[in-house]
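Residues per chain, in single letters:
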Amino acid sequence: MAVNPFTPDFGRRPAHLVGQESLLASIERDLQTGPEAIGYTRLFLGHRGSGKTTLMAEIGDVARSRGMMVIDADAATPGLPDRIVTAVAEVMSEHPAITDEWRKRAARRAEPARMTGVGVGPLQASWDKSGDVRQAPDLRYTLMRVVEAADAVGSSVLLTLDELHAGDRHELRRVAADCQYITKIKLMPMAFMGGGLRELEYTMLRDKKMTFFHRCHREDIRGMHAADAWGGLRRYLVDVGIESDDVALRRMADSLTGKTFYHLQSLGDKAWRIAMASNGRIDGPAADEAVRQHTADIQRKILAPLWGDLMEFDQDVLTMLARMGGEASRGAVASRARDAGFRSKPMRESLARLKALDLVSEHNGRYAMSGLLDASNVLSDELGGALDGVWDELEAPQARGGGAKPRCGHYMPVSKAVCVLAQGHKGGHRSRL
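Residues numbered from 1 in each chain as written. Predicted model: local features only at pLDDT ≥ 70, side-chain atom pairs only at ≥ 80, totals over all residues. Heavy atoms only, no water.

## Brief notes about the overall build of the chain
Next, step 1: A tally of helices and strands in the chain yields 16 helices and 14 strands.
Next, step 2: Partitioning the contacts of the chain with sequence separation of at least 6, the portion at a separation of at least 24 is 69%.
Next, step 3: Entry remark: accessible area of the chain is about 19600 Å², with carbon and sulfur atoms responsible for 49%. (Helix = DSSP H or I, 4+ residues; strand = E, 2+ residues; numbered from the N terminus. Contact = heavy atoms within 4.5 Å. Areas by Shrake-Rupley, 256 points an atom, 1.4 Å probe, with all protein chains shown as cover.)

## Quick word on the confidence of the model for the chain
Next, step 1: Of the residues in the chain, 81% reach a pLDDT of 70 or more, and the chain-wide mean stands at 81.
Next, step 2: Note on residues 8-16: pLDDT is under 50 here. Beyond four places in sequence and across chains, it has 29 contacts.
Next, step 3: Below pLDDT 50 for its whole length, residues 125-136 participates in 23 contacts with residues either more than four positions away or in separate chains. (pLDDT = per-residue confidence, 0-100.)

## Some points on the sheet that holds strand E11 (residues 360-363)
Next, step 1: Spatial strand order, E10-E12-E11: three strands in an open sheet with antiparallel pairing. Both outer strands of the open sheet, strand E10 (327-329) and E11, are each paired with one neighbouring strand and no more. Strand-to-strand twist in this sheet, taken as the mean axis angle between neighbours without regard to direction, amounts to 20°.
Next, step 2: As paired strands, E10 and strand E12 (residues 366-369) are joined by three bridges and run antiparallel to one another. Of the residues in E12, the one forming a bridge with Glu327 is Ala368.
Next, step 3: Sheet strands touched by helix H12 (residues 312-323): E10, E11 and E12. Its angle to E12, the strand with the most contacts, is close to 100°. (Pairing = 2+ DSSP bridges. Axes fitted to C-alpha atoms, helices over the stretch in contact; angles between N-to-C directions.)

## Considering the sheet that holds strand E7 (residues 217-220)
Next, step 1: Reading across from one edge, E2-E5-E6-E1-E7 is the order of the five strands in this open sheet, with parallel pairing throughout. Either end of the sheet is taken by a strand with one partner, and the two such strands are strand E2 (69-74) and E7. The average undirected angle you get between the axes of adjacent strands in this sheet is 15°.
Next, step 2: The pairing of strand E5 (residues 157-162) with strand E6 (residues 190-196) spans five bridges and is parallel. Across the sheet, Thr160 pairs through a bridge with Met193, a residue of E6.
Next, step 3: Most of the contacts of helix H3 (residues 80-91) go to E2, to which it runs at about 150°, and overall it touches E2 and E5.

## Quick word on the packing of aromatic side chains
One pair of aromatic rings is described through two measures. These are the centre distance and the angle between the planes.
Next, step 1: Applying the stated criterion across every chain, the model contains four aromatic pairs.
Next, step 2: Centroid distance Phe192 to Phe212: 5.2 Å. Interplanar angle 75°. Geometry classified as edge-to-face. Taken together, the residues span a long stretch of sequence, with Phe192 in strand E6 and Phe212 in helix H7 (residues 211-215) at a distance of 20 residues.
Next, step 3: Aromatic rings pair up to connect Phe192, Phe212 and Phe213 into one cluster.
Next, step 4: Against the face of Tyr181 rests Arg140, its NZ or CZ located 4.5 Å from the ring centre. (Phe/Tyr/Trp six-rings, centres within 6.5 Å; stacked < 30°, edge-to-face > 60°. Lys NZ or Arg CZ within 6 Å of the ring centre and 35° of its normal.)

## Thoughts on the nonpolar core
Next, step 1: Core analysis: the largest hydrophobic core is formed by 42 residues, its most contacted members being Ile71, Ile84, Leu161, Leu172, Phe192, Met204 and Phe213.
Next, step 2: Aside from chain neighbours lying at most four places away, what touches Ile84 is Ile71, Ala73, Leu139, Leu143, Leu159 and Val175.
Next, step 3: Within the second largest apolar cluster, 34 residues are counted, among which are Tyr202, Leu321, Leu373 and Val378. (Core = buried A, V, L, I, M, F, W, Y, C linked by side-chain atoms within 4.5 Å. Buried < 20%, exposed > 50% of the residue type's maximum accessible area, 1.4 Å probe, protein only.)

## Quick notes on the pattern of salt bridges
Next, step 1: Taken as a whole and judged by the stated rule, the model has 29 salt bridges.
Next, step 2: Between Arg218 and Glu201 there is a salt bridge; the shortest N-O distance is 2.2 Å. Of this pair, Arg218 sits in strand E7 while Glu201 sits in the loop between E6 and H7, and the two are 17 residues apart along the sequence.
Next, step 3: Where Asp288 meets Arg251, a salt bridge forms, and the shortest distance between an N and an O atom there is 2.9 Å. With Asp288 in helix H11 (residues 284-309) and Arg251 in helix H9 (residues 246-254), the pair connects residues that are 37 residues apart, well separated along the chain.
Next, step 4: For Arg251, a relative accessible area of 37% gives the class partly exposed.
Next, step 5: A single network of salt bridges, built from pairs that share partners, joins Asp269, Lys270, Arg273, Asp297, Arg300 and Lys301. (Salt bridge = Lys/Arg side-chain N within 4 Å of Asp/Glu carboxyl O.)

## Some points on the packing of helix H8 (residues 226-239) against H9
Next, step 1: The N-to-C vectors of H8 and H9 enclose an angle of 125°; their axes lie 9 Å apart at closest approach. Judged on the interaxial angle alone, H9 and H8 are oblique. Pair H8 / H9 crosses with right-handed handedness. Contacts between H8 and H9 pair Ala229, Trp230, Leu233, Arg234 and Leu237 from the former with Asp246, Leu249, Arg250, Met252 and Ala253 from the latter.
Next, step 2: Taken together, the residues that form the contact of H8 with H9 break down as seven nonpolar, no polar and three charged. (Parallel < 35°, antiparallel > 145°, perpendicular 65-115°, else oblique. Left-handed = near helix turned anticlockwise from the far one by under 90°. Nonpolar A, V, L, I, M, F, W, Y, C, P; charged D, E, K, R; others polar.)

## Focus on the packing of H3 against helix H6 (residues 169-185)
Next, step 1: For the pair H3 and H6, interaxial distance at closest approach is 9 Å and the crossing angle is 45°. In terms of axis orientation, H3 runs oblique to H6. In this structure, H3 uses Leu80, Pro81 and Ile84 to contact H6, whose residues at the interface are Glu171, Leu172, Arg174 and Val175.

## Regarding unusual backbone geometry
Next, step 1: Despite not being glycine, Asp358 shows a phi value in the positive range, around 60°.
Next, step 2: Along the chain, the position of Asp358 falls in the loop between helix H14 (344-356) and E11.

## Digging into the state of the cysteines
Next, step 1: Scanning the model with the defined rule gives zero disulfides in all.
Next, step 2: Not engaged in a disulfide, the cysteine Cys179 finds its nearest cysteine sulfur in Cys216; these two sulfurs lie 7.9 Å apart.
Next, step 3: Take Cys179: its relative accessible area is 1%, and that puts it in the buried class.
Next, step 4: Exposure remark for Cys216: the relative accessible area of 6% places this residue in the buried category. (Disulfide = S-S within 2.5 Å.)

Shown next, in the form of structure tokens:
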């Protein structure tokens, strides 16, 4: 059976990196330039499935091909600083010149104290000079020593850190402070590439104690242009000998415009499997079936988790906008929000978050749903459809020609939602009817 071109290990550029060639070329130049380059430290922000992790893996491969030491870690679980230290120890065996230089420097730092032993790993060196004994080296010490050793032998280091949105704030502050000292203050050759969801806009990137992340060059991983979708599908299907007429290719490419590169991988995989079961050809009906399977896959793997990540109040606002057709004037949105009992400040904050997440856009005084979620997605049974009953109840007085019944509107900071019960209600507040 032919190799699936839509798996990450196909060729040097996976299908979902199509259109990223100029970005990768820019990163390669910055890695060669060193700490003086603006893009030597970068943050990649995007929705789930936008290709951040794959892009960072590709950057790691590029760095390794240049002889750099690459330290990979993620912030998804506690203990990040210790895991980075462990990752350094594990990758040292791949760089004997850096390891030898580390050992030489450790020995010199130990003099005139008596060396008590050097283990197999460079982080296991110990000596009897009390000020230098480090049974468990801390993060800054470890990174400083390995970068010094790499620099001495004409090499450099790349630290990649994924899942930043899931990181412990105190641990991320520690990492930020150490990276700031090494790369921005000392200008030592340690590049940094970090990735996370767009919610970092109003969490980590608002933390004044994480200056390093603020100073990283930011890359917003957004949806594909139609040309990228068309070219990516055509290139990879042709590479494995699958025929596709222009009509079928256009149907598939149109479904990808504005979507992330994971969408291209998913749709391409479905089209490839259908073609392999039908004499290696994609026609109009086959393209429609590929799009149908792909849509279901995206709904389950990308859109449902994306919806679940949102604050409850933001879900309410998106559902409201979806029920208005996905687009409405600023005045109409404000009026509908007042009728629903939404207070103006939480409403403004919600719209600001949704715009930062690229789920809502604002242009010429109109709000519109954008990015991965459209009105049909939000109102589907799998996502916001369950809220339809709430909105039906809220809008019922208007449908009968009467005024909207005033709502409580009390803001509940824990659930990040407002109470939708009638003003003067008994009992506790509720965010759902």
